[in-house]
Amino acid sequence: MKISVLGCGRWGSFLAWYSARIGHDVTLWGRPTSAHMTALISQRRNEFLSLPPSIRLTVDLQSAVDADVIIISIGAQQLRPFLNELKPFGLTGKKFVLCMKGLESGTGKRLSTVFNEVLGADNQVAVWVGPGHVQDFIAGIPNCMVIASDDAALTQALVDIFKSPLIRFYYGRDLIGIEIGAAAKNVVGLAAGMLDGLNYSSLKGALMARGTAELSRLVEALGGDRMTVYGLSHLGDYEATLFSAHSNNRRFGEDFVRGKPFDKLAEGVETVKALLNLSERVGVELPICTTVDNIIHHKKNPRGELEQLFLRTTKVE
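Residues numbered from 1 in each chain as written. Predicted model: local features only at pLDDT ≥ 70, side-chain atom pairs only at ≥ 80, totals over all residues. Heavy atoms only, no water.

A. Local environment of the overall build of the chain. Broken down by element type, the chain carries 14 helices and eight strands. A compact globule built from 317 residues would reach a C-alpha radius of gyration of about 20 Å, and the chain, at 19 Å, matches this within 12%. With the C-alpha coordinates aligned to their principal axes, the bounding extent of the chain is approximately 55 × 40 × 35 Å. A burial count over the chain gives 55% of its 317 residues as buried. (Helix = DSSP H or I, 4+ residues; strand = E, 2+ residues; numbered from the N terminus. Rg over C-alpha atoms; globule rule 2.2 N^0.38 Å. Buried < 20%, exposed > 50% of the residue type's maximum accessible area, 1.4 Å probe, protein only.)

Structural data, given as structure tokens:
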């Protein structure tokens, strides 16, 4: 299959590497102004991996979209403007995969919803989420992930295209729950990092219990299956997000409460705003999200906010 990966950061470069590894004809696109792309063109490697010679590198977006499957792996908040760049190319009938986790900050909309609003329903869109870090995959450590869409035939086709001994895929049927869960786990990851930074790591058990409970209520209120958050897109991704040294969201939270700079993308920082937008809209309380938002965006005292979160009045689940 001809696979194009749009986005050349950590995850995008891995997806190109992985797609080539399982035998596909791969093109990796990045902007000409991208430091990541400049390094890949000159060295064919980054801090995580080396690209095989078979992968075509390009900064020409129009040529990059000439593919059977187009994977998009960019920052969630950049999706809408990027899709508007793709719109003039007339991509009717293409298969798209969104390999990104987040919600649109200003609207609270899921990324598949943003996709359909910009490019329309004539294109097929799925999401690819779940646990796993580039560093582990490159080392040959296998994991399980999820591909989901509103079209069972599309989900089946994409699983067949991308499955391998390195990644076992599950079929996702609840797109609402999977997208919300995948986005929200990054916010829980921020909270976990804050606990690490305050030497309160023993509270991560309580954080995991509370995180799944409050997100299950939100998913149900939005029309999804509340049990979806207990699968790979949310709870199943907690180990990689709440505990791993490779987790950008956990690391951001830890460094933030310690007053240290962190210059990598942590999607949860913007996602928390979108979740609170949804929370207000459907009337579901999200205490963890509120706490994280208070600490990051309203500069409230981290220790006081987290202690208040875990000492709040007991409620029936």
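B. Spatial organisation of the packing of aromatic side chains. For the structure on display, the rule yields 12 aromatic pairs. An aromatic cluster is built from Trp11, Phe14, Trp17, Tyr18, Trp128, Phe137, Phe162 and Phe169, whose rings are joined through pairwise contacts. (Phe/Tyr/Trp six-rings, centres within 6.5 Å; stacked < 30°, edge-to-face > 60°.)

C. Just the packing of helix H8 (residues 175-197) against helix H9 (residues 204-221), in detail. The contact between H8 and H9 brings their axes to 10 Å, and the two run at 150 degrees. One element, H8, and the other, H9, form an angle in the roughly antiparallel class. For the pair H8 and H9, the crossing hand works out as right-handed. For the pair H8 and H9, the contacting residues are Ile176, Gly177, Ile180, Ala184, Val188, Ala191, Ala192, Leu195 and Asp196 in the first and Lys204, Leu207, Leu215, Leu218 and Val219 in the second. Of the residues that constitute the contact of H8 with H9, the class distribution is 11 nonpolar, one polar and two charged. (Axes fitted to C-alpha atoms, helices over the stretch in contact; angles between N-to-C directions. Parallel < 35°, antiparallel > 145°, perpendicular 65-115°, else oblique. Left-handed = near helix turned anticlockwise from the far one by under 90°. Contact = heavy atoms within 4.5 Å. Nonpolar A, V, L, I, M, F, W, Y, C, P; charged D, E, K, R; others polar.)

D. Molecular detail of the nonpolar core. Core analysis: the biggest nonpolar cluster contains 37 residues, and Phe14 and Trp128 have the highest contact counts within it. With seven residues, helix H1 (residues 10-21) is the single largest residue contributor to this core. Leu198, Val257, Leu278 and Ile295 belong to the second largest nonpolar core, which has 36 residues in total. (Core = buried A, V, L, I, M, F, W, Y, C linked by side-chain atoms within 4.5 Å.)

E. Up close: the sheet that holds strand E3 (residues 56-58). Ordered in space as E3-E2-E1-E4-E5-E6-E7-E8, the eight strands form an open sheet in which the pairing is mixed. Edge positions in the sheet fall to E3 and strand E8 (167-172), since each has one partner strand and no second. With strand direction ignored, the average angle separating the axes of adjacent strands in the sheet is 25 degrees. Where strand E6 (residues 124-129) meets strand E7 (residues 143-148), three bridges bridge the pair, whose relative direction is antiparallel. Across the sheet, Val127 pairs through a bridge with Ala148, a residue of E7. (Pairing = 2+ DSSP bridges.)

F. Quick look at the pairing of strand E5 (residues 95-98). Judged from the four bridges that link them, strand E4 (residues 69-72) and E5 form a sheet pairing that is parallel. Paired with Val69 across the bridge in E5 is Lys95. Handedness of the E4-helix H4 (residues 79-86)-E5 crossover: right-handed. Looking at chain direction, E5 and E6 are connected through four bridges and run parallel. When the bridges of E6 are listed, Leu98 appears paired with Val127. For the handedness criterion, the β-α-β arrangement of E5, helix H5 (residues 111-119) and E6 is classed as right-handed. (Right-handed = clockwise from strand over helix to strand, strands pointing away.)

G. Examining the pattern of salt bridges more closely. In total, this model carries 17 salt bridges according to the counting rule given. For Lys109, the salt bridge goes to Glu117, with nearest N and O atoms at 2.6 Å. On the basis of relative accessible area, Glu117 is assigned to the partly exposed category, the value being 40%. For Glu254, the salt bridge goes to Arg250, with nearest N and O atoms at 2.6 Å. Of this pair, Glu254 and Arg250 both sit in helix H11 (residues 248-257), four residues apart, which is roughly one turn of the helix. Arg250 carries the same exposure label as Glu254, and that label is buried. Several salt bridges converge on common partners, so that one network encompasses Asp196, Lys204, Arg250, Glu254 and Arg258. (Salt bridge = Lys/Arg side-chain N within 4 Å of Asp/Glu carboxyl O.)

H. Spatial organisation of a nonpolar patch on the surface. Where nonpolar side chains cluster on the molecular surface, the patch consists of Met227, Tyr230 and Leu235 and spans about 280 Å² of accessible area. Among the secondary structure elements, Tyr230 is positioned in the loop between H9 and helix H10 (238-243). (Patch = residues over 30% accessible without salt bridge, like charges linked within 9 Å, V, L, I, M, F, W, Y side chains within 5 Å. Areas by Shrake-Rupley, 256 points an atom, 1.4 Å probe, with all protein chains shown as cover.)

I. Main features of the environment of Ser244. Looking at the element boundaries, Ser244 is found in the loop between H10 and H11. A relative accessible area of 10% means that Ser244 is categorised as buried. Separated by 51 residues in sequence, Ser244 and Gly193 place their C-alpha atoms 10.0 Å apart. Once residues lying within four places of it in the same chain are set aside, the contact partners of Ser244 are His133, Glu239 and Arg250.

J. Looking closely at the pairing of E7. As paired elements, E7 and E8 share six bridges and run parallel to each other. Within E8, the residue paired with Cys144 across the bridge is Arg168. Once the chain exits E7 it traverses helix H7 (residues 152-162) before rejoining the sheet at E8, and the crossover so formed is right-handed.

K. Region of the structure containing H8. Over its 23 residues, H8 runs 34 Å from end to end, which matches the ideal 33 Å to within 8%, given 1.5 Å per residue. Positive backbone phi, approximately 60 degrees, marks Asn199, located one or two places after H8. (Expected span 1.5 Å × (residues − 1).)

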